[in-house]
Amino acid sequence: MMKTLIVICLILVHTFLSAQKPVVIEYARIDDFKWELFEGRINKQHLHEMGHNTGAVTVSSLSYTTLQTSPTHATVSITARFHPEESWTRYPNLKNEKEALKHEKGHLEITEIYARRIRKVVSRTGFKSHSFKDELRDLFRNIAEQHRNEQIKYDKETNHSINVENQLKWNAWIDEQLSSLSDYTAIDIKLDFHR
C-alpha cells in the first residue's frame with residue numbers, strides 16, 4: 001500500500017512539473033520570436049518609466065552558472081534569457097505591429113550580444129583556481145552594466161521603434177554584432193585554470 005502511494009505521488013509530481021511552462025526561455029531555444037511569447041500583464045511600473053503609450057516590453061536577462069569540475073578545470077554556462085511572464089504587449093492593438101515586434105526582438109538580441117561578449121572575454125581570460133569565482137563575478141557585473149546601458153540607449157535612440165531611421169541603424173548594428181560574435185554562440189565554456 002505504501003509503495004503504491006509513493007508511486008502515485010511520484011507520477012503526480014512528474015506530471016505537474018512536466019505541465020509547467022518554463023519561467024525563462026534561453027535565446028538559443030527561440031526559433032520564432034512572436035507576440036504569443038509575451039505572457040505578462042501590462043506593468044504599471046513600466047508605463048511610469050517609459051510612458052503610458054508603451055505598446056510592449058521585452059524583459060530579458062544575462063545569467064551564468066559555474067561548475068568547478070576539478071582544481072584545474074571548470075565549466076561556465078552563460079545565457080541570454082527571455083522572461084515570457086514578465087514581458088507584455090498590447091498586441092493586437094498596436095500600430096506598426098511588425099516594426100514593434102522587430103524592435104522588441106532587438107532587445108533580446110542585444111542581450112544575446114552581451115552574452116556572447118561575456119563568453120568571449122571568459123574564454124580568453126587566464127583564471128586562477130583560487131580567485132576564479134570572484135573574478136568571474138566582477139567581470140560579469142561589469143559587462144551586465146554595459147548591457148543595461150545599451151538597452152536604455154537603444155530605446156532612447158529609436159524612441160521605442162518610432163524613429164524609423166535610427167531603428168534601421170540599430171537593426172544593422174545588431175545583425176553585425178551577432179555575426180561578428182558568431183564564434184561565441186556555445187553556452188558552455190570549458191576552462192583550464194592557470195597556475
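Remember, it's a predicted structure, so these values are computed and weren't measured experimentally.

### Topic: the packing of helix H3 (residues 97–124) against helix H4 (residues 132–158)
Helix packing for two helices is described by the angle between their axes and how far apart those axes are. At a minimum axis distance of 10 Å, the contact between H3 and H4 shows a crossing angle of 155°. Comparing their axes, H4 and H3 come out roughly antiparallel. The handedness of the crossing between H3 and H4 comes out as right-handed. In this structure, H3 uses Lys102, His103, Gly106, His107, Ile110, Thr111, Tyr114, Arg117, Ile118, Val121 and Val122 to contact H4, whose residues at the interface are Leu136, Leu139, Phe140, Ile143, Gln146, His147, Glu150, Gln151, Tyr154, Asp155 and Thr158.

### Regarding the packing of H4 against helix H5 (residues 164–180)
For the pair H4 and H5, interaxial distance at closest approach is 8 Å and the crossing angle is 145°. As for the relative orientation of H4 and H5, their crossing is left-handed in sense. Residues Glu150, Lys153, Tyr154, Glu157 and Thr158 of H4 form the contact with H5, whose own contacting residues are Asn166, Gln167, Trp170, Trp173 and Ile174. By residue class, the composition of the contact of H4 with H5 is 4 nonpolar, 3 polar and 3 charged.

### Quick notes on the pairing of strand S3 (residues 60–67)
Regular strands show a simple pattern: their side chains alternate between the two faces of the sheet. Pairing between S3 and strand S4 (residues 73–82): 8 bridges, direction antiparallel. By the bridge assignment for S4, Thr65 is matched with Ser77. The antiparallel pairing of S3 with S4 creates a hairpin that spans 5 residues between the two strands.

Conventions used here
- Residues numbered from 1 in each chain as written.
- Predicted model: local features only at pLDDT ≥ 70, side-chain atom pairs only at ≥ 80, totals over all residues.
- Heavy atoms only, no water.
- Axes fitted to C-alpha atoms, helices over the stretch in contact; angles between N-to-C directions.
- Helix = DSSP H or I, 4+ residues; strand = E, 2+ residues; numbered from the N terminus.
- Parallel < 35°, antiparallel > 145°, perpendicular 65-115°, else oblique.
- Left-handed = near helix turned anticlockwise from the far one by under 90°.
- Contact = heavy atoms within 4.5 Å.
- Nonpolar A, V, L, I, M, F, W, Y, C, P; charged D, E, K, R; others polar.
- Pairing = 2+ DSSP bridges.

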